[in-house]
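Commentary on secondary and tertiary structure
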Amino acid sequence: MLDFVLNLLIFFIITAVFTKELALEVQRSGAVAGQKESGSIMISISAEGEITLDNRLVDVRAVRANVERLHALKPNYGVMVVANQNAQTGVLVQVADQVRQGGVENISFGTSE
Amino acid sequence: MPSKRHSEESGETGIDLAPMLDFVLNLLIFFIITTSFVKAAGVEVRRADAETAAHRDDGNILIAIRPNGEIWMDRQQVDLREVRGQIERLHVERPDDTVVIVADKASKTGLLASVMDAVRSGGIQEVALGAAGSSGE
């Protein structure tokens with residue numbers, strides 16, 4: 001019985017996974033490009049990774065400041081990120097991170113052709 | 001000769017196993033409780049950095065998307081059309097599980113969106129995007 005318990009113990013020690021996943025919470029939106037969702041700040045990402053916010057091309061590092069400003073103007077608004085299908089996921093995650101740093105937790109995500 | 005005498009002595013004393021058994025059983029219970037059975041994806045991907053990424057205790061189905069469009073879950077490569085069925089099966093097995101999609105930096109957002117939709121149609125609504133912490137965790 002002791003052998004059995006020790007074997008079980010070794011099994012659980014080996015299979016135990018202590019790493020916890022780092023992740024960002026992002027909602028999925030069915031909206032497509034051009035269809036502006038009411039009550040949200042629109043950020044679009046082109047296939048080349050260019051970020052357009054408020055009809056202006058902005059750098060990734062400038063997204064945070066812009067979102068902070070717009071969030072101060074319209075505190076109830078969420079952020080809608082519309083990425084081109086061929087845009088790289090890395091840019092999307094960076095933008096989502098910047099938006100969260102800018103104080104908006106409610107991020108939804110859609111794609112465009 | 002000295003070795004023979006030594007073995008006779010140890011045979012007489014004997015060790016009390018009861019406290020050790022208690023300890024081992026406690027350890028065993030601890031590991032059974034803390035094991036979370038994470039369904040690892042099985043491939044390495046380069047995650048995007050994010051400063052606000054939070055640790056999720058409940059994200060235990062991992063889906064990896066590689067830059068060439070391959071989708072990996074549960075240590076095997078799957079087709080986009082298989083994702084929904086797999087998620088349905090896992091959702092029935094453990095209804096509390098949530099999904100973390102770990103997409104490579106260079107993977108396409110179109111595929112990410114398709115995978116996300118497949119997971120949601122498979123019955124799991126809580127989907128998060130995997131990222132790397134800024135501190136290199």
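For the structure itself, consult the block above.
We now turn to the structure provided with this report. Every value quoted in this text rests on a predicted model; they were computed, and no experiment measured them.

We now examine the overall build of chain A. Within chain A, the secondary structure is distributed over three helices and seven strands. If you list the helices and strands of chain A from N to C, you get α-β-β-β-β-β-α-β-α-β. The contacts in chain A between residues at least 6 apart in sequence include a share of 80% that link residues at least 24 apart.

Bringing the interface of chain A and chain B into the picture now. The partner chain B presents 45 residues to the 33 residues of chain A that form the contact. Mapped onto the side of chain A that touches chain B, the elements with two or more residues apiece are helix 1 (2-15), strand 1 (21-25) and helix 3 (89-101) of chain A. The element best represented in the side of chain A that touches chain B is helix 3 of chain A, accounting for nine residues. Of the residues assigned to the side of chain A that touches chain B, the class counts are 18 nonpolar, nine polar and six charged.

Once that is clear, we can look at the pairing of strand 6 (residues 78-84) of chain A. Looking down a regular strand, the side chains alternate between one sheet face and the other. Residues and elements named next belong to chain A. For strand 6, the tally of buried residues reaches six of seven residues, placing the bulk of the element in the interior. Across six bridges, the pairing between strand 3 (residues 40-45) and strand 6 is parallel. Bridge pairing in strand 6 places S40 opposite G78. Here six bridges tie strand 6 to strand 7 (residues 107-112), and the two strands are oriented parallel to one another. Paired with V79 across the strands is I107, a residue of strand 7.

On to the sheet that holds strand 7 of chain A. Residues and elements named next belong to chain A. In space, the six strands of this open sheet follow the order 2-7-6-3-4-5, with mixed pairing throughout. Each edge of the sheet is formed by a strand with only one pairing partner; in this case those strands are strand 2 (27-28) and strand 5 (56-58). Two strands pair when backbone bridges link them, and strand 4 (residues 51-53) and strand 5 are joined in this way by three bridges, in the antiparallel orientation. Paired with L53 across the strands is R56, a residue of strand 5. Set on the sheet, helix 2 (residues 60-73) makes contact with strand 3, strand 4, strand 5 and strand 6; between it and strand 4 the angle comes to about 15°.

Before going further, it helps to examine helix 2 (residues 18-34) of chain B. With 17 residues, helix 2 of chain B should reach 24 Å at 1.5 Å per residue; the first-to-last C-alpha distance of 25 Å fits that figure. Across the 17 residues of helix 2 of chain B, zero count as buried, placing the element largely on the outside.

Reading the values: the criteria
- All chains use their own residue numbering, which begins from 1 and follows the written sequence.
- Chains carry letters from A onward and ligands carry numbers from 1 onward, assigned in written order.
- With pLDDT at 70 or above as the cut-off, local features in this predicted model cover only qualifying residues; side-chain atom pairs require 80 or more to be listed or tallied, and sums for whole chains, interfaces and linings still use all residues.
- Secondary structure is summarised from DSSP: a helix means a run of H or I of at least four residues, a strand means a run of E of at least two, and numbering begins at the N terminus for each.
- Residues are defined as contacting one another if the C-beta atoms placed from their backbone atoms lie within 7 Å.
- Residues are sorted three ways: Asp, Glu, Lys and Arg are charged, Ala, Val, Leu, Ile, Met, Phe, Trp, Tyr, Cys and Pro are nonpolar, and all the rest, Gly among them, are polar.
- Partly exposed residues are those whose C-beta has more than 12 but fewer than 20 other C-beta atoms within 10 Å; with 20 or more the residue is buried, with 12 or fewer it is exposed, and the C-beta atoms are placed from the backbone.
- Should DSSP find at least two bridges between two strands, the strands are regarded as paired.
- Whenever a helix is involved, its axis is fitted only over the stretch in contact; in every case the axis is a line through C-alpha atoms, and angles between N-to-C directions fall within 0 to 180 degrees.
- Multiplying 1.5 Å by the residue count of a helix minus one yields the expected span of that helix.

These figures come from the coordinates and say nothing about function on their own.
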